[in-house]
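One-letter residues, chain by chain:
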Amino acid sequence: MSMAGIEISYGFAKSPFGHCFIAWIDNKICQLSFFDNDEYEMELFAEKFKGNKLIQNDRKAVDFAQQIFEKNDRLHLQLDGTEFQQKVWDALLEIPANTTTTYADIAKKIGKPKAVRAVGTAVGANPVAYLIPCHRVIRTDGTLGGYRWGLEVKKRMLDFEKGIIP
DNA sequence: TGTGGATCTTGTT
DNA sequence: AACAAGATCCACA
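Quick summary incoming for the structure in this document. Keep in mind it's a predicted model, so treat the numbers as computed, not measured. (Residues numbered from 1 in each chain as written. Chains lettered and ligands numbered in written order. Predicted model: local features only at pLDDT ≥ 70, side-chain atom pairs only at ≥ 80, totals over all residues. Heavy atoms only, no water.)

1. Details of the pattern of salt bridges
Taken as a whole, this structure holds five salt bridges when the rule is applied. With a shortest N-O distance of 3.3 Å, lysine 109 and glutamate 94 are connected by a salt bridge. Here glutamate 94 lies in the loop between helix H3 (83-93) and strand E5 (101-102) and lysine 109 lies in helix H4 (residues 103-109), a separation of 15 residues in the sequence. Judged by its relative accessible area of 53%, glutamate 94 is exposed. Aspartate 159 is the salt-bridge partner of lysine 162, the closest N and O atoms lying 3.6 Å from each other. Here aspartate 159 and lysine 162 lie together in helix H6 (residues 151-162), a separation of three residues that amounts to about one turn. A relative accessible area of 52% means that lysine 162 is categorised as exposed. Residue classification places aspartate 159 among the buried positions, given a relative accessible area of 18%. (Salt bridge = Lys/Arg side-chain N within 4 Å of Asp/Glu carboxyl O. Helix = DSSP H or I, 4+ residues; strand = E, 2+ residues; numbered from the N terminus. Buried < 20%, exposed > 50% of the residue type's maximum accessible area, 1.4 Å probe, protein only.)

2. Quick look at the protein's contact with DNA strand C
In the neighbourhood of DNA strand C, 16 residues make up the surrounding shell, with Tyr103, Arg117, Arg139, Thr140 and Gly146 lying closest. What you see for DNA strand C is that sugar and phosphate hold 39% of its atoms within 4 Å of the protein. At a separation of 2.8 Å, a base nitrogen of DNA strand C approaches a polar side-chain atom of tyrosine 103. Between alanine 104 and DNA strand C, the recorded distance is 3.4 Å, taken from a backbone N or O atom to a phosphate oxygen. The greatest single-element share of the surface near DNA strand C, amounting to seven residues, is contributed by helix H5 (residues 116-124). (Near = heavy atom within 4 Å. Polar contact = N/O pair within 3.5 Å; in protein donor to acceptor, adjacent residues only side chain to side chain.)

3. Overview of unusual backbone geometry
Of note, the phi angle at asparagine 72 is positive, near 60°, even though the residue is not glycine. Along the chain, asparagine 72 falls in the loop between helix H2 (58-69) and H3. Under the relative-accessibility criterion, asparagine 72 is labelled exposed at 56%. Not every positive phi belongs to a glycine, and asparagine 98 is a case in point at roughly 60°. On the secondary structure map, asparagine 98 appears in the loop between H3 and E5. Look at asparagine 98 and you get partly exposed, because its relative accessible area is 46%.

4. Topic: the packing of aromatic side chains
For any pair of aromatic rings, the description consists of the separation of the ring centres together with the inter-plane angle of the planes. Evaluated as defined, the whole model comprises 15 aromatic pairs. Seen in terms of ring centroids, phenylalanine 17 and phenylalanine 160 are 5.2 Å apart; in terms of plane orientation they differ by 80°. Their pairing is edge-to-face. Here phenylalanine 17, found in the loop between strand E1 (7-15) and strand E2 (18-25), pairs with phenylalanine 160, found in helix H6; they are 143 residues apart in sequence, far enough to count as distant. Phenylalanine 17 sits in the buried class, given a relative accessible area of 9%. Judged by centre distance (6.0 Å) and plane angle (65°), the ring pair of tyrosine 147 and tryptophan 149 falls under edge-to-face. No difference in accessibility class separates tyrosine 147 from tryptophan 149, as the two residues are buried. Aromatic rings pair up to connect Phe17, Phe34, Phe69, Tyr130, Tyr147, Trp149 and Phe160 into one cluster. (Phe/Tyr/Trp six-rings, centres within 6.5 Å; stacked < 30°, edge-to-face > 60°.)

Written out as structure tokens, the structure is:
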């Protein structure tokens with residue numbers, strides 16, 4: 001699925017986990033990232049969606065952020081990924097809140113029990129943080145594993161779901 | 001604890 | 001077509 005030529009809106013907003021960047025197509029979220037460098041994040045985004053019309057709309061982004069982090073709404077998503085990645089991301093969506101799974105479990109779930117390492121990479125490629133709860137995937141030995149925006153954020157998200165709001 | 005091999009997908013060349 | 005690099009896991013020392 002190619003998204004070139006499509007009109008994409010985006011904006012910046014606050015979240016319990018720091019500044020975030022949200023992008024959407026036709027009201028469906030296609031990107032949600034956390035970061036500490038606006039310009040760099042914007043560069044990555046522009047590069048990823050070059051060839052599209054990009055429209056900034058912070059007010060709507062703030063709106064989305066409220067739905068996501070305060071009202072816990074499940075928004076519609078627009079994802080662009082390989083077959084394998086889609087399967088992995090679908091599996092992530094089934095992990096209940098305040099719960100964790102392992103990379104190995106996900107591998108089993110999608111019918112490729114040995115593709116653990118590949119699952120790790122696919123999880124890391126998740127374009128929509130938090131909504132696709134890649135923070136709920138940890139290692140079999142109980143340690144956190146990795147997180148694209150740092151383990152602090154991953155840990156904080158898990159605490160947040162437990163109701164622990166520091 | 002830590003190291004090495006197994007294993008699979010992806011991006012790059 | 002080949003290769004290197006992963007948000008891993010398991011065995012074994």
